[in-house]
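# Structural overview
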Amino acid sequence: MAPANLTAFVDEDPPVSLWRDAWHRLFRNKLAVAGLVIVIFLALVAMFGPWLTPYDFLTQNLEVRNQAPSLAHLFGTDDLGRDVLSRVIYGTRTAFVVAIVVTTVAVAIGVALGAIAGYYGGLLDRTIMWFTDMTMSVPNLLLVVVINASLKTPVTAWMEAQYQATLNPFYRQTVWVDFLLVFGSMALISWPPYARLVRAQVLSIRGRPYVTAARALGLTNRLIIMRYIVPNAVGPLIVSVSAGLGTAMVLESAFSFLGVGVNPPTPSWGNMISDGLRVWQHYPHLLAAPAAVLGLATVAFSFLGDGLNDALNPRGSK
Amino acid sequence: MTAPAYNKPLLDVRGLTIEIETRRGPAVIVDGINLTVGKGETVGVVGESGCGKSLTMLSLVRLLPNKIKVRGGTAVFDGRDLLQMSKSELRQVRGGKIGFVFQDPMTSLNPVMRIGDQLCEPLIYHRDMKKADARKRAIELLKLVGIPGPEQRIDAYPHELSGGMRQRVMIAIGLACDPELLIADEPTTALDVTIQAQIVDLVKELRRKLGMSVVWITHDLALIAGLVDRVAVLYAGTVVEDAPVGELFKRPTHPYTRGLLASIPKLSDERASRLSSIGGTPPEPGRRPKGCPFAPRCGLAEPICHEHVPALLSFAEEPRHRVACFVAQRQMMEAA
Ligand SMILES: Nc1ncnc2c1ncn2[C@@H]1O[C@H](COP(=O)(O)OP(=O)(O)OP(=O)(O)O)[C@@H](O)[C@H]1O
Ligand code: SF4
Ligand SMILES: [Mg+2]
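Bear in mind the structure is a predicted one, so any value in this text is a computation, not a measurement. (Residues numbered from 1 in each chain as written. Chains lettered and ligands numbered in written order. Predicted model: local features only at pLDDT ≥ 70, side-chain atom pairs only at ≥ 80, totals over all residues. Heavy atoms only, no water.)

## Let's talk about the packing of aromatic side chains
Condition: Centre distance within 6.5 Å is the pairing criterion for rings of Phe, Tyr and Trp, where only the six-membered ring of Trp is used; planes under 30 degrees apart are then read as stacked, over 60 as edge-to-face, and the remainder as tilted. Helix and strand assignments come from DSSP, with helices taken as H or I runs of at least 4 residues and strands as E runs of at least 2, each series counted from the N terminus. In this scheme, a residue with accessible area under 20% of its type's maximum is buried, one over 50% is exposed, and one in between is partly exposed, where area comes from a 1.4 Å probe on protein chains only.
Throughout the structure, instances matching the rule amount to 8 aromatic pairs over all chains. For the ring pair Phe96 of chain A and Phe301 of chain A, a centre distance of 6.5 Å and an interplane angle of 50 degrees mean the geometry is tilted. Taken together, the residues span a long stretch of sequence, with Phe96 of chain A in helix α3 (residues 84-120) and Phe301 of chain A in helix α11 (residues 284-312) at a distance of 205 residues. Comparing Phe96 of chain A with Phe301 of chain A shows no difference in burial state: the two are buried. These aromatic residues form a ring-pair network of at least three members: Tyr235, Tyr256 and Phe294 of chain B.

Encoded structure:
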């Protein structure tokens, strides 16, 4: 018998791919494109910083202290004669490293906990959500200050003791203690929103027919979570990660500004702003340069996040 | 077509009872269903929307939604009770021995995975195939279910295919591991009429080639008349009539079955709405009548119908035809 099933098929107009569609919408949004361009530019600056800086960011040159911007020093120099442009470029590196590491850790924790809570439900869900709410209810700044106050001294002391014992110069690099504390405390306060978002996504996706179909195929829970649930929750997650990166940069600057983040001499926009603020009446460029770059980054991430939101949730936007 | 021997059924469901937890306590949704499927047999399960067809099938592989639980009964498949077996055994049955095709091809495929990957998944998982072998087999399967250009289509995403094509992909996934039983839950409801017929023909063809048993759930009796060997008519979570398909069309006995058949639209009939000739609606879970579940809507109901539940009993001259109705059973006795 002729295979009846091969008889004429009328293929409906296939819609363009979901992602391609999203790209199109993103590129039609001028603000989002501007945001994307700035973000990419700053990321490149961060990546290639060491090759871009005209001067070493630490080298002091007391003959050229507090100079206004000139051709030799585009952003001028600070009170120790260091090149401000080089320091801003290194500050960009700091901001990106902190934002990327913190967001990666926070997203990993948030996605894992949120997916487990949403998929398994029951007691596991209640426990994880209790933990999440508790973390969220602690004021960010307070937590960071407490961590800094309670951990910084003993860790630094321990490192010094190690150095005395082993004479290994590694233990003298207190920059890493700084970074670890900043990463750790910021990641700790940044994961709960991701966990909540992913949990809500998973709860809605869990009941979708393709998940039942996957379970009816006997696939393991792990496989179902990783290949059926998480990828379908990724759209909103991308939006929130883009916004989260911006937030993390602002947080890093804020903490550094307050002296509980990245400490001098490591350049950070925050501690440069803090230094600049003391002398801004005399040397406004010391405040203006880092503040302008921080503002630019914040605005860029926020435009990009909004654009992604509209592009990935076409139904939610007008 | 010679009827296969049904002496030892592949699937034997007895007294399957399913309850849902409600605020007012547990409510029975499926009430002691008995259903057998022989090796190589195709059984149609027919009934109105909400009568518990899908839940019955999902309960067999223990995929009931939260709050809905099996309260009692057995479901012996290939000599083992599905409702008692361990999780790991069950995973071998799911997809490996029992394949599913779901109602809505638009939402039953993972939108972010290529169809080829979705097809390969059960092969890699249940058959321990290498990626390359699984892909070869996936192309064969797509060819088997009549998808033109399977070498290209295998890399398509679900949204790039039409509804009918997607349902073919679903069938291919259901059949990937040569299951002994294919359960198709209203696989054509979401499709155009012409595509519906194509899918029915496809399954008929596949059954002939592969020899698996099929349970086909539908509320459209006419659609599957040429496909199934036997029909079980479900009403409010119980089997009210069960007969070989020819026998059922020749001699529909239960008042509900007769209503179903009468409501199949004739060509001249403008009223296309199903079941229009049966007034009223099925009982909600938790508000089941005490006696025959159909009594509130039945034109033939007698006092006994409101008091007692009729059992599913065989006809004297055709033991494979069974009906659960007091009045029909009395007429049978009188005729005998
Ligand atoms: N997830 C659920 N939560 C609560 N009640 C449910 C759920 N799924 C099904 N039910 C109820 O259980 C009963 C049987 O549902 P089921 O899906 O088995 O019906 P069905 O015969 O497959 O109907 P249809 O032809 O519409 O698919 C219905 O009354 C329905 O309201
Ligand atoms: S048992 Fe009575 S109420 Fe039920 S279907 Fe038969 S006649 Fe109708
Ligand atoms: Mg159903």
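## Some words on the layout of surface pockets
Put simply, the rule reads: Buried and open spaces are told apart on a 1 Å grid over the protein atoms alone, a cavity being a set of points where a 1.4 Å probe fits but cannot get out and a pocket being an open set with protein on both sides within 12 Å along at least five of seven lines. Residues with an atom within 4 Å of a point are the lining residues. Grid points are joined across faces, edges and corners, and a volume is the space filled by probe spheres set on the points. All amino acids are sorted into three groups, where Ala, Val, Leu, Ile, Met, Phe, Trp, Tyr, Cys and Pro are nonpolar, Asp, Glu, Lys and Arg are charged, and the leftover types, Gly among them, are polar.
Empty space within the largest pocket amounts to approximately 1100 Å³. If you trace the largest pocket, you find 34 residues lining it, with Arg215 of chain A together with Leu63, Leu64, Pro65 and Asn66 of chain B closest to the centre. Within the residue set of the lining of the largest pocket, elements represented by two or more residues are α3, α7 (209-216) and α8 (221-229) of chain A together with α1 (53-60), β4 (68-77) and α2 (87-93) of chain B. Across the lining of the largest pocket, the residue classes tally to 14 nonpolar, 9 polar and 11 charged.

## A look at the state of the cysteines
Residue and element names in this part refer to chain B. For the record, the criterion: The definition used for a disulfide is geometric: two cysteine sulfur atoms within 2.5 Å.
Tallied over the full model, the rule gives 0 disulfides over all chains. There is no disulfide at Cys51, and the cysteine sulfur nearest it, in Cys292, is 14 Å away. Take Cys120: it sits in no disulfide, and the sulfur closest to it among the cysteines is that of Cys177, at 11 Å. Judged by its relative accessible area of 4%, Cys120 is buried.

## Topic: the site of ligand 2
The line we're drawing: In these notes, residues near a molecule or strand are those with any non-hydrogen atom within 4 Å of it.
Taken together, 13 residues are adjacent to ligand 2, and Cys292, Cys298, Cys305, Cys325 and Phe326 of chain B come closest. Partitioned by chemical class, the residues of the shell around ligand 2 number 12 nonpolar, 1 polar and no charged.

## Quick notes on helix α4 (residues 131-144) of chain B
Residues and elements named next belong to chain B. Quick note on the threshold: Given the number of residues in a helix, its expected span is that number minus one, multiplied by 1.5 Å. Any two residues whose heavy atoms approach within 4.5 Å at even a single point are treated as in contact.
Spanning 14 residues, α4 covers 20 Å between terminal C-alpha atoms, matching the ideal 20 Å at 1.5 Å per step. Those residues of α4 not exposed but buried are Ala134, Arg137, Ala138, Ile139, Leu141 and Leu142. Where α4 is buried, its residues contact α3 (115-127), α5 (150-153) and α6 (163-175). The positive-phi residue at the C-terminal boundary of α4 is Gly146, with phi of around 75 degrees.

## A word on helix α10 (residues 255-262) of chain B
Residues and elements named next belong to chain B. For α10, the buried fraction is high: 6 of the 8 residues fall into the buried class. If you check which residues of α10 are buried, you get Pro255, Tyr256, Thr257, Gly259, Leu260 and Leu261. Close packing links the buried residues of α10 with β3 (42-46), α8 (221-224), β9 (230-235), β10 (238-244) and α9 (245-250).

## Side note on the nonpolar core
Rules: Buried residues of nine kinds, namely Ala, Val, Leu, Ile, Met, Phe, Trp, Tyr and Cys, make up a nonpolar core once their side-chain atoms join them within 4.5 Å.
Of all hydrophobic cores here, the largest spans 125 residues; its most connected members are Met57, Leu82, Ile98, Ile171, Leu181 and Trp216 of chain B. Top contributing element to this core by residue count: α6 of chain B, with 7 residues. Not counting the four nearest positions on each side in its chain, Met57 of chain B is found in contact with Leu35, Val45, Phe100, Ile183, Val215 and Ile217 of chain B. If you look at the next biggest cluster of nonpolar residues, it comprises 49 residues, including Val84, Val88, Ala95 and Phe255 of chain A.

## Quick word on the sheet that holds β4 of chain B
Residues and elements named next belong to chain B. Test applied: Two strands pair under a simple rule: DSSP has to find at least two bridges between them.
Here we have 4 strands laid out as an open sheet, ordered β2-β1-β4-β5, and antiparallel in their pairing. Looking along the sheet, the strands with just one partner apiece sit at the ends: β2 (25-37) and β5 (80-81). Here 9 bridges tie strand β1 (residues 11-22) to β2, and the two strands are oriented antiparallel to one another. From the neighbouring strand, Val13 faces β2, where its bridge partner is Leu35.

## Quick word on the confidence of the model for chain B
Residue and element names in this part refer to chain B. Stated formally: Values of pLDDT, the confidence the predictor places in each residue, fall between 0 and 100.
Of the residues in chain B, 93% reach a pLDDT of 70 or more, and the chain-wide mean stands at 86. Contacts for the low-pLDDT stretch residues 267-276, under 50 throughout, to residues beyond four places or in other chains number 11 contacts. This complex was scored by the predictor with a pTM of 0.76 and an ipTM of 0.85.

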